[in-house]
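Residue strings, one per chain:
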Amino acid sequence: MTHTADDIKSRYTIWLAHWVDKTNYTGAYGIWQHSEKDSVDGINGNVDLDVGYKDFPTIIKAKGLNGYGKELNPPAPAAEDGITVEVTIDGKKYSGKLNKV
């Protein structure tokens, strides 16, 4: 990788664009783009071919990136230990929860 500074390589996952059958790059990378002029049935024109070595969808979702909110574990619903009641006294309505004693 002649176009990326070492501090960038250590902070980010590298997308290696090396258009050969077998790369001789020895550094770490998460995606290898091995062709920019290949073909895929049903697509007109050239396409890139890449190999992914990490589960990027899971990483992106877990970090809340690309419009995903961070997945939170919702709290369990509280145990139902009472009932909600409504009463009318002197024409005025009152409501609340009665708890078991």
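In this report, the structure presented in the accompanying data block is examined. (Residues numbered from 1 in each chain as written. Predicted model: local features only at pLDDT ≥ 70, side-chain atom pairs only at ≥ 80, totals over all residues. Heavy atoms only, no water.)

Side note on the layout of surface pockets
If you add up the space inside the largest pocket, you get close to 220 Å³. Lining the largest pocket are Arg 11, Tyr 12, Thr 13, Trp 15, Ile 31, Lys 54, Phe 56, Ile 59, Ile 60, Lys 63 and Leu 65. For the lining of the largest pocket, the residue count by class is seven nonpolar, one polar and three charged. (1 Å grid on protein atoms, 1.4 Å probe; cavity = no way out; pocket = protein on both sides within 12 Å on 5 of 7 lines; lining within 4 Å. Points joined across faces, edges and corners; volume = space filled by probe spheres on them. Nonpolar A, V, L, I, M, F, W, Y, C, P; charged D, E, K, R; others polar.)

Observations concerning the packing of aromatic side chains
A full pass over the atoms with the stated rule returns two aromatic pairs. Aromatic side chains Tyr 25 and Tyr 29 sit 5.9 Å apart centroid to centroid with 50 degrees between the ring planes, which places their arrangement in the tilted category. Take Tyr 25: its relative accessible area is 18%, and that puts it in the buried class. Tyr 29 sits in the partly exposed class, given a relative accessible area of 23%. Ring geometry for Tyr 29 versus Tyr 53: centroids 5.7 Å apart, planes at 80 degrees, classification edge-to-face. Taken together, the positions of Tyr 29 in the loop between β1 (15-17) and β2 (31-38) and Tyr 53 in the loop between β3 (47-52) and α2 (56-62) put the pair 24 residues apart, joining distant regions of the chain. Grouping aromatic residues by their ring pairs yields a cluster made of Tyr 25, Tyr 29 and Tyr 53. (Phe/Tyr/Trp six-rings, centres within 6.5 Å; stacked < 30°, edge-to-face > 60°. Buried < 20%, exposed > 50% of the residue type's maximum accessible area, 1.4 Å probe, protein only. Helix = DSSP H or I, 4+ residues; strand = E, 2+ residues; numbered from the N terminus.)

Considerations on the side chain of Ser 35
Relative to the elements of secondary structure, Ser 35 occurs in strand β2. Only 3.5 Å separates the side chain of Ser 35 from the backbone nitrogen of Asp 38, close enough to count as a polar contact. The contact partners of Ser 35, leaving out residues within four places of it in the chain, are Trp 19, Val 47, Asp 48 and Leu 49. (Polar contact = N/O pair within 3.5 Å; in protein donor to acceptor, adjacent residues only side chain to side chain. Contact = heavy atoms within 4.5 Å.)

What to know about the sheet that holds β2
With mixed pairing, three strands are arranged side by side in an open sheet as β1-β2-β3. Here the strands that pair on one side only, and so sit at the sheet edges, are β1 and β3. Within the sheet, the average angular offset between the axes of one strand and its neighbour, ignoring direction, is 30 degrees. Looking at chain direction, β1 and β2 are connected through three bridges and run parallel. Pairing of Ala 17 across the sheet is with Gln 33, part of β2. (Pairing = 2+ DSSP bridges. Axes fitted to C-alpha atoms, helices over the stretch in contact; angles between N-to-C directions.)

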